[in-house]
Amino acid sequence: MCGIVGYIGKQKATPFIIEGLKRLEYRGYDSAGVAVHQDGSIRVAKKTGRVANLDKETARHNFTGTCGIGHTRWATHGGVTDANAHPHVSSDGKIALVHNGVIENYVSIKKFLTGKGYTFASETDSEVICNLIAYHYDKEPETADSSRLLESVRKTLSHVEGTYGMVVTSEGNSEELVTARKGSPLILGIGKDENIVASDVSAIVARTQNVVYLNDNEIAHITPDNFSITTVDQSSITPVIDTVDWSIENAEMGDHAHFMIKEIFEQPEALENAMRGRFSEDGSTAQFGGLNISANEFRGVERFMFCSCGTGLHACMVTEHLIEMFAHVPVECDYASEFRYRNTPLFRNTLFFVMSQSGETIDTLAALREAKRKGYKVLAVNNVVGSTIAREADGGIYQHAGHEVGVASTKAFTSQLLIGAMLALYIGRMRDLSYGAGVDFVNALKGTPELVRTGLKQASHIQAIAKRFAHYEDMLFLGRMSLFPIALEGALKLKEISYIHAEGYPSAEMKHGPIALISEKCPSVFLAPKGELFNKTVSSMQEIKARKGPVIAVITEGTVLPEGLADEIITIPDCHEAVLPIVASIPMQLLSYYIAVERGCDVDKPRNLAKSVTVE
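Figured I'd write up the structure that's included with this text. Just so we're clear, the structure is a prediction, and the values are computed from it rather than from any experiment.

### Examining the overall build of the chain
Part 1 of the argument: For the chain, the helix and strand inventory stands at 19 helices and 25 strands.
Part 2 of the argument: Partitioning the intrachain contacts of the chain with sequence separation of at least 6 by distance along the chain shows that 70% fall at a separation of at least 24.
Part 3 of the argument: When the accessible surface of the chain is split by element, carbon and sulfur atoms take 47% of a total near 23300 Å².
Part 4 of the argument: In the chain, the 60 positive side-chain charges and the 74 negative ones have mean positions that sit 2 Å from each other.

This is how it looks when you write it as structure tokens:
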């Protein structure tokens, strides 16, 4: 979950590393640091807090070296202190390392190293690996045809259990970096007279668009003008150089106050991009180019299994509802973090889907691997080309939502909802859904971006509501059918960025326990579209009002509530069942955003969170 940047070339390393860390700060922002080769030694600067603090610290040191590594941390082992910040330097001063991941057997390794005289300045598992590399480095002979550092890292990794994305450098050698990955993403940026390594492409595209995605158990040896890749067991790898298809402007905030609000307003374009070229010529169904599964195989599927985490799981839950409604095929959703460890009975002719915005979510990746281990095909929905999940899945669908920086997902979520709806259409048209119903479905999907634009016009109204409700410390979100997962997502968004305790429930479940929480100090947000369940939702709202609970109602156009039932009303466009969850998500996002702003929270970098969760 941390951000990593390494640079080796002819330019000063520190300015580039700092700029790269700023672009990766959404991956972790507890502390940051750099280690740079300077005057024959490794010089280190690190500070708790944001990268801006580190920028000031490095300015005092006047680093001029052309080889260095940097890191922005999301704390796992050890508190948020300068000592626990990366880079770590071995106790003999010979090795510096930045690391993302978790070393599960660090306690036994630390005990071994302590017995060999190595000391430790931090509480982290990462420093243990740094000292272990130093231990092997001290024993590794100097040879003309092999890198001493590379072989030391290789030997170290043979003893390591857990996950890692690491970059290592050694004292007195400013002409090489060594990087390795297992379960934590790393990307090489191939430049002219310089090479870069980073945990996310956003740190690279300012210098080059030529990249190599490292796979698990691969080690790269990097010099200013070359690189080579081998596996931990010394097999050679022929690298594939890909071209990044977006520019640095995609990661800029522009005139917006936060990335989150920028990305909320980018949703119409993100939805258009997700649909582009994905409808049949007759306009009655969806089509996907990368599924790598024939229509005949798809028709033979008797059950679908969706695995994801957090926001992605909420998108899966909506997809479950839509596939069962329009295709009449059973669907099950599971937390990816639980699936791997449960002895889940799996049916024959089941097709798996995983959803991950980053394509690197470790729990979702583990679920994918477990399903494949059991002999099932796994397809992926994700937003990052070249990500680990995209490469390991049997096929999949790219979201094309564009780079998302805000930790709380917005446009990536609604893009997943849209693709879920398109999957429901695709599967439904293979089964019983008629041509006419398919055409109506496609037209509804095509109209979604404009419906979202209409919803976004309510921003100032929702901002005013947020000012009224920002002081509360508890809120409930309630919806039914396809909008129950949207209630869950609305509660999650509010929790993530405003730190208000919030819960989502099916509306009818309110009376089965949660109603005990209701008072004038606990508002409820109701998703209440018109339809057969509208009157039942109104009854639930009346139960809340009878107990003096404030109510915010999100209703569709043409709906009339009993007078005085809602303290505030947000109206969204009336629309097709398949796109209703997307349209209903917009007020959830705006309400959470404006409440967080009103409370003075750091919207893009909420406490304790990071964008890409690459540790279990």
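Having seen the model, we can carry on.
### Quick notes on the side chain of Thr 388
Part 1 of the argument: Along the polypeptide, Thr 388 turns up in helix α12 (residues 388–392).
Part 2 of the argument: A polar side-chain atom of Thr 388 sits 3.0 Å from a polar atom in the side chain of Arg 181.
Part 3 of the argument: In this structure the side chain of Thr 388 is engaged in a polar contact, spanning 2.6 Å, whose partner is the side chain of Glu 360.
Part 4 of the argument: Apart from the residues within four sequence positions on either side, Thr 388 is in contact with Arg 181, Gly 359, Glu 360, Leu 365 and Arg 369.

### Considerations on the pairing of strand β24 (residues 551–556)
Part 1 of the argument: Among the six residues of β24, six are classified as buried, and the element is accordingly described as predominantly covered.
Part 2 of the argument: Because side chains alternate across β24, one face comprises the buried residues Val 551, Ala 553 and Ile 555, and the other comprises Ile 552, Val 554 and Thr 556, equally buried.
Part 3 of the argument: Pairing analysis gives five bridges linking strand β23 (residues 524–528) to β24, with the strands arranged parallel. Bridge pairing links Phe 526 to Ala 553 in β24.
Part 4 of the argument: You can see the chain leave β23, run along helix α18 (residues 534–546) and come back into β24, and the turn it takes is right-handed.
Part 5 of the argument: As defined by bridge partners, β24 adjoins strand β25 (residues 568–572) across five bridges and the pair is classed as parallel. Within the sheet, the bridge partner assigned to Ile 552 lies in β25 and is Glu 568.

### A look at the pairing of strand β4 (residues 67–73)
Where a strand is regular, its side chains alternate between the two sheet faces.
Part 1 of the argument: With seven of its seven residues buried, β4 lies for the most part within the structure.
Part 2 of the argument: Of the two faces of β4, the one lined by Cys 67, Ile 69, His 71 and Arg 73 and the one lined by Gly 68, Gly 70 and Thr 72 are each fully buried.
Part 3 of the argument: By the bridge criterion, six bridges tie strand β1 (residues 3–8) to β4 in an arrangement that is antiparallel. Bridge assignment links Gly 6 to a residue of β4, and that residue is Ile 69.
Part 4 of the argument: Two strands pair when backbone bridges link them, and strand β2 (residues 31–38) and β4 are joined in this way by six bridges, in the antiparallel orientation. The residue of β4 that forms the bridge with Ala 35 is Ile 69.

### Side note on the pattern of salt bridges
A side chain of one charge can pair with a side chain of the opposite charge when the charged atoms of the two come close.
Part 1 of the argument: Counted under the stated rule, the structure contains 29 salt bridges.
Part 2 of the argument: Two residues, Glu 194 and Arg 207, come together in a salt bridge whose shortest N-O distance is 2.8 Å. Taken together, the positions of Glu 194 in the loop between β9 (187–190) and β10 (195–198) and Arg 207 in the loop between β10 and β11 (210–213) put the pair 13 residues apart, joining distant regions of the chain.
Part 3 of the argument: Here Glu 194 falls in the buried class, since its relative accessible area comes to 8%.
Part 4 of the argument: For Asp 334, the salt bridge identified is with Arg 342, shortest N-O distance 2.6 Å.
Part 5 of the argument: Since its relative accessible area comes to 8%, Asp 334 is described here as buried.
Part 6 of the argument: Accessibility expressed as a relative area gives 37% for Arg 342, which makes it partly exposed.
Part 7 of the argument: The network of salt bridges with common partners includes Arg 181, Asp 216, Arg 369 and Glu 392.

### Some points on the nonpolar core
Part 1 of the argument: Core analysis: the largest hydrophobic core is formed by 92 residues, its most contacted members being Phe 298, Phe 304 and Leu 445.
Part 2 of the argument: Here Phe 298 is in contact with Leu 291, Ile 293, Phe 304, Leu 351, Phe 353, Leu 379, Tyr 426, Ile 427, Met 430 and Arg 431, once residues within four sequence places are set aside.

### Topic: unusual backbone geometry
Part 1 of the argument: His 86 connects to Pro 87 through a cis peptide bond whose omega is 0°.
Part 2 of the argument: The backbone phi angle of His 328 is positive, close to 60°, even though this residue is not glycine.
Part 3 of the argument: Inspection of the secondary structure assignment puts His 328 in the loop between α9 (310–326) and β17 (331–335).
Part 4 of the argument: On the basis of relative accessibility, which here comes to 57%, the residue His 328 falls in the exposed class.

### A word on the environment of Thr 556
Part 1 of the argument: Within the element layout of this structure, Thr 556 appears in strand β24.
Part 2 of the argument: With 17 residues separating them in the primary sequence, Thr 556 and Pro 573 have C-alpha atoms 5.5 Å apart.
Part 3 of the argument: Within the structure, Thr 556 has its side chain in polar contact with the backbone nitrogen of Lys 530 (distance 3.0 Å).

### Details of the sheet that holds strand β15 (residues 242–243)
Part 1 of the argument: Read from one edge of the open sheet, eight strands run β3-β2-β4-β1-β10-β9-β11-β15, paired in antiparallel fashion. With one partner strand each, in any of the chains shown, β3 (41–48) and β15 form the two edges of the open sheet.
Part 2 of the argument: Each of β2, β3 and β4 is contacted by helix α2 (residues 51–61), which is oriented at about 145° to β3, the strand it contacts most.

### A few points about the state of the cysteines
Part 1 of the argument: This model, assessed by the stated rule, comprises zero disulfides.
Part 2 of the argument: Between Cys 307, a free cysteine, and Cys 316, which holds the nearest cysteine sulfur, the sulfur-to-sulfur gap is 7.7 Å.
Part 3 of the argument: Judged by relative accessible area, Cys 307 falls into the buried class, the value being 1%.

### Notes on the sheet that holds β24
Part 1 of the argument: An order of β22-β21-β23-β24-β25 is seen for the five strands of this open sheet, with the pairing classed as parallel. At either end of the open sheet lies a strand with only one pairing partner, and these are β22 (501–506) and β25. Strand-to-strand twist of the sheet, defined as the mean angle between neighbouring strand axes without regard to direction, takes the value 15°.
Part 2 of the argument: Relative to β23, strand β21 (residues 474–479) is paired through three bridges, and the arrangement is parallel. Residue pairing for β23: Leu 476 is matched across the bridge by Ser 524.
Part 3 of the argument: Sitting on the sheet, helix α17 (residues 484–498) touches β21, β22 and β23, and the angle it makes with β22 is about 180°.

Conventions we followed
- Residues numbered from 1 in each chain as written.
- Predicted model: local features only at pLDDT ≥ 70, side-chain atom pairs only at ≥ 80, totals over all residues.
- Heavy atoms only, no water.
- Helix = DSSP H or I, 4+ residues; strand = E, 2+ residues; numbered from the N terminus.
- Contact = heavy atoms within 4.5 Å.
- Areas by Shrake-Rupley, 256 points an atom, 1.4 Å probe, with all protein chains shown as cover.
- Lys, Arg positive; Asp, Glu negative; His and termini not counted.
- Charge placed at Lys NZ, Arg CZ, Asp CG, Glu CD.
- Polar contact = N/O pair within 3.5 Å; in protein donor to acceptor, adjacent residues only side chain to side chain.
- Buried < 20%, exposed > 50% of the residue type's maximum accessible area, 1.4 Å probe, protein only.
- Pairing = 2+ DSSP bridges.
- Right-handed = clockwise from strand over helix to strand, strands pointing away.
- Salt bridge = Lys/Arg side-chain N within 4 Å of Asp/Glu carboxyl O.
- Core = buried A, V, L, I, M, F, W, Y, C linked by side-chain atoms within 4.5 Å.
- Axes fitted to C-alpha atoms, helices over the stretch in contact; angles between N-to-C directions.
- Disulfide = S-S within 2.5 Å.

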